[in-house]
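Overview (structure and organization)
One-letter residues, chain by chain:
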Amino acid sequence: MHRKILVTHALPYANGSLHLGHVIEAVQTDVWVRFQRLRGHDCLFVCAEDSHGTPIMIRAQQQGQSAEQLIAAMAAEHQRDYHDLLVAHDHFHSTHSEENRRYTFELYARLRDAGYISRRAVRQAYDEQAQMFLPDRYVRGICPVCKSADQYGDSCEVCGATYTPADLIDAVSTLSGTAPVWRESEHLFFKLGAFEPMLRGWLAAGEQGSAVRAKLDEWFAAGLQDWDISRDAPYFGFEVPDAPGKYFYVWFDAPIGYIASFEALRAQRGLDFDSYWKSETQSELYHFIGKDISYFHNLFWPAVLHGAGYRRPTGVNVHGFLTVNGQKMSKSRGTFVTARRYLDHLPAEPLRYYFAAKLTSGIEDIDMNLDDFLARTNSDLVGKFVNIASRCAGFIERGGGRLDTQLPDPALYAEFVAAGERIAGLYEQREYGAAIREIMALADRANRYVDLHKPWALAKDPAQAPRVLAVATQGINLFRALMIYLTPVLPRMSGAAGRFLGKPITAWSDVATPLLGVPLGAYEPLATRLDPALVGRLIEAPPAPAAPAAAPLAAPVSRPATAPASNTIGIDDFSRIELRVARVIAAERVEGSDKLLRLSLDLGAEPRQVLSGIRASYAPEQLVGRLVIVVANLAPRKMRFGVSAGMVLCASGEGDGVFLLGADSGALPGMKVT
RNA sequence: GGCUAGGUAGCUCAGCUGGUUAGAGCGUGGCACUCAUAAUGCCGAGGUCGUGGGUUCGAGUCCCACCCUAGCCA
């Protein structure tokens, strides 16, 4: 059965560089697309730059360039990264394009004419100095629940409470630092609730896993609310045609970018639009996304499409988040690895292989443990898989450079062929990890086959030369079968292997016909082992030291003493950090932690509790009574053992040990350090 | 705070509707081999299945509470 498939992954946002989290999604998608093509299906792969919204507008202003310049530069960077990661879109477009404007207007008009758009006034924070309405994230203030300072307008990072900016105490705009006022403004709403029965039916019939469905059930249980799809000027986006001064919310036009990108490709290739976007039976449509944006793609997007008379996605494939060495990627830990940083040090294919080896169809998070990455690449990919070709190539070369005309063990080869359908099923289901396990188990069998027949021993007797050639021919064919199965993951290696084998790998079904009686090309190593030093360098602390406010609580980042001070700041920046003298009233070990001490501090007016990671260097009893310097306005942070409200300053170098900063006698608790 | 997922050997993960001595790969120890990028093969050691209760003849697998990790809260 020949399938027509259209595939997308989430649009990268034009506000920052791609990081490993983007990469795993792009790799997951690209592998699936390459797999479908290898199986002989017609599979298109489009993407676009997500170019609209307040963050882009603000960032462009800060950088002194136009939004158009910013998004063009980011799109170019993103495309370079994808290309170097061997992620091969058929087309990469932009949501800030004529195609997207046209389709955004069209879908909006159809929704409006069908009665799915309503208007009503909304009260919102307004920055009179910046002269604009403020998204929740641009308002900060004191948490109304736990009273923690400097929290976002939508939720508190300390206590986890959610609320609206109006609930914040002493709210300020992050743009101007002034207190926002509250203004009413009319907005456009999409009547999502009208689609509840349709969405329930669509989800029930789809392939979304139980975890995704369980999460979406919450939204149904709470009742689907109208969705605000407009924003006030100034906004970087498309102005709503029948509502001057209103712009489409970035999340309204972003998924329509999938259509826009397809449209641009359609114009190039003369494709049929309607069979892809109006019919649910003539083609299949899949979106690959992260679990954070599941509800946009599983609720809003199918509802918008359906309401506008378009087809709905065949499937929305949701994946989990990437952690590095077991933790969320973090700039201060150096684990926020950009795609470019990776590519500057290491080749793309080991990363593709590693991600493929860990991906499932579920939404669990995926951990990139760098030691594991190194081990898997060197032992699986090089040690067992590539090794099969490597150890057999020499025997073929010495035996005349041409494969034998038949296989000595066709039954074993047949098993490898038979496994192909199981493996294909796993790729289709996005169970890449299981597919890779199957493939590596076969690689073990191939190595065992060679070991069992010992061609190196046979080669000592010239009369056994035909037998040596036969065994090596079997080995090369087993290798080729596995290379075919790994082609979606390792396209470049597959190309090189095709040159070595004298026959390019072009289809999954190539495996049905073993390669016999043909000359082989010269063997060149298909992959080399990774250097542990290079892998380690991925997460070295960035050369520019982090600003003090961004450093982890009471855990100074160690850096070379010779690192030059860079990124100069003005006095205003420094004055944002409120340093105060404090006296240690009490200090005790934190039960269950081998690093932390719990310090009770006197800051003059108020007592404070700070958890500090200095246990290795200081005994609690030697601290009581001492004067220390504290970052007094650091946002309180919830740690495993309690809330820490501040940071005690220490010096540290490359060696072990941290050294508390103090104040000369005469200083009193509560004094400001300037 | 509510919700959704995850927490199984040093590392990364399998373990279906509860049932005999909890599995794999990597790493590690020993042996073999030397064709191969110190690659490969064979043998072994390693786990009170996040914690504490409970249901059951029997729980990694069910229930409750708690802890940790990630995400979502329009």
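Here goes a summary of the coordinates provided. (Residues numbered from 1 in each chain as written. Chains lettered and ligands numbered in written order. Predicted model: local features only at pLDDT ≥ 70, side-chain atom pairs only at ≥ 80, totals over all residues. Heavy atoms only, no water.)

The next subject is the nonpolar core. Within the largest apolar cluster, 162 residues are counted, with the highest numbers of intra-cluster contacts made by F190, W227, W277, F355, F385 and Y427. Look past the residues within four positions of Y427 in its chain and what remains in contact with it is V31, W32, F35, Y432, A435, I439, Y485, L486, P488, V489 and W508. Within the second largest apolar cluster, 22 residues are counted, among which are A60, M74, V139 and L168. (Core = buried A, V, L, I, M, F, W, Y, C linked by side-chain atoms within 4.5 Å. Buried < 20%, exposed > 50% of the residue type's maximum accessible area, 1.4 Å probe, protein only. Contact = heavy atoms within 4.5 Å.)

What follows covers the protein's contact with RNA strand B. Surveying the vicinity of RNA strand B reveals 48 residues, the closest of which are K215, E218, Y295, K358 and A527. Taken together, the sugar and phosphate atoms account for 70% of what RNA strand B places within 4 Å of the protein. Taking K328, its side chain carries an N or O atom lying 3.5 Å from a phosphate oxygen of RNA strand B. Here a base oxygen of RNA strand B and a side-chain polar atom of Y523 are 3.5 Å apart. Secondary-structure elements contributing two or more residues to the surface near RNA strand B are α6 (210-222), α12 (370-398) and α14 (432-453). Of the residues assigned to the surface near RNA strand B, the class counts are 18 nonpolar, 11 polar and 19 charged. (Near = heavy atom within 4 Å. Polar contact = N/O pair within 3.5 Å; in protein donor to acceptor, adjacent residues only side chain to side chain. Helix = DSSP H or I, 4+ residues; strand = E, 2+ residues; numbered from the N terminus. Nonpolar A, V, L, I, M, F, W, Y, C, P; charged D, E, K, R; others polar.)

The next thing to look at is the pattern of salt bridges. As a working rule, side chains carrying opposite charge can pair if their charged atoms are close by. Applying the stated rule across the entire model yields 33 salt bridges. In this structure, R200 engages E196 in a salt bridge whose closest nitrogen and oxygen atoms are separated by 2.9 Å. In this pair, R200 and E196 are both assigned in helix α5 (residues 196-205), 4 residues apart and thus about one turn of the helix distant. R200 gets classed as partly exposed once you look at its relative accessible area, which sits at 41%. A single network of salt bridges, built from pairs that share partners, joins R112, D113, R119, E186 and D242. (Salt bridge = Lys/Arg side-chain N within 4 Å of Asp/Glu carboxyl O.)

This part covers the sheet that holds strand β6 (residues 139-142). Strand order in the open sheet formed by 3 strands is β7-β6-β8, with antiparallel pairing between adjacent strands. Here the strands that pair on one side only, and so sit at the sheet edges, are β7 (151-152) and β8 (169-173). Across 3 bridges, the pairing between β6 and β8 is antiparallel. The residue of β8 that forms the bridge with I142 is I169. (Pairing = 2+ DSSP bridges.)

The next subject is the packing of aromatic side chains. Per the counting criterion, the structure on display carries 36 aromatic pairs. Both rings, one in W227 and one in Y249, keep their centres 6.4 Å apart while their planes meet at 75°; by these two values the pair is edge-to-face. You can see W227 sitting in strand β10 (residues 227-228) and its partner Y249 sitting in the loop between β12 (246-248) and α7 (250-269), a full 22 residues away along the chain. Look at W227 and you get buried, because its relative accessible area is 9%. On the basis of relative accessible area, Y249 is assigned to the buried category, the value being 18%. (Phe/Tyr/Trp six-rings, centres within 6.5 Å; stacked < 30°, edge-to-face > 60°.)

So, about the sheet that holds β10. The strands making up a sheet associate through backbone hydrogen bonding, with each pair oriented either parallel or antiparallel. If you trace the 4 strands from one edge of the open sheet to the other, you get β5-β4-β9-β10, paired in antiparallel fashion. Looking along the sheet, the strands with just one partner apiece sit at the ends: β5 (132-133) and β10.

Attention now moves to α14. Counted at 1.5 Å a residue, the expected span for α14 with its 22 residues is 32 Å, and the 32 Å between its end C-alpha atoms agrees. Remark: K454 follows α14 within two positions and exhibits a positive phi of approximately 40°. (Expected span 1.5 Å × (residues − 1).)

This next bit is on the packing of α5 against α6. If you want to describe how two helices pack, look at the angle between their axes and the distance between the axes. Running from N to C, α5 and α6 point in directions that differ by 170°, and their axes come no closer than 12 Å. Considering their axes alone, α5 and α6 lie roughly antiparallel with respect to each other. Residues E196, L199, R200 and L203 of α5 touch α6, and the partners they reach there are R213, L216 and F220. Taken together, the residues that form the contact of α5 with α6 break down as 4 nonpolar, no polar and 3 charged. (Axes fitted to C-alpha atoms, helices over the stretch in contact; angles between N-to-C directions. Parallel < 35°, antiparallel > 145°, perpendicular 65-115°, else oblique.)

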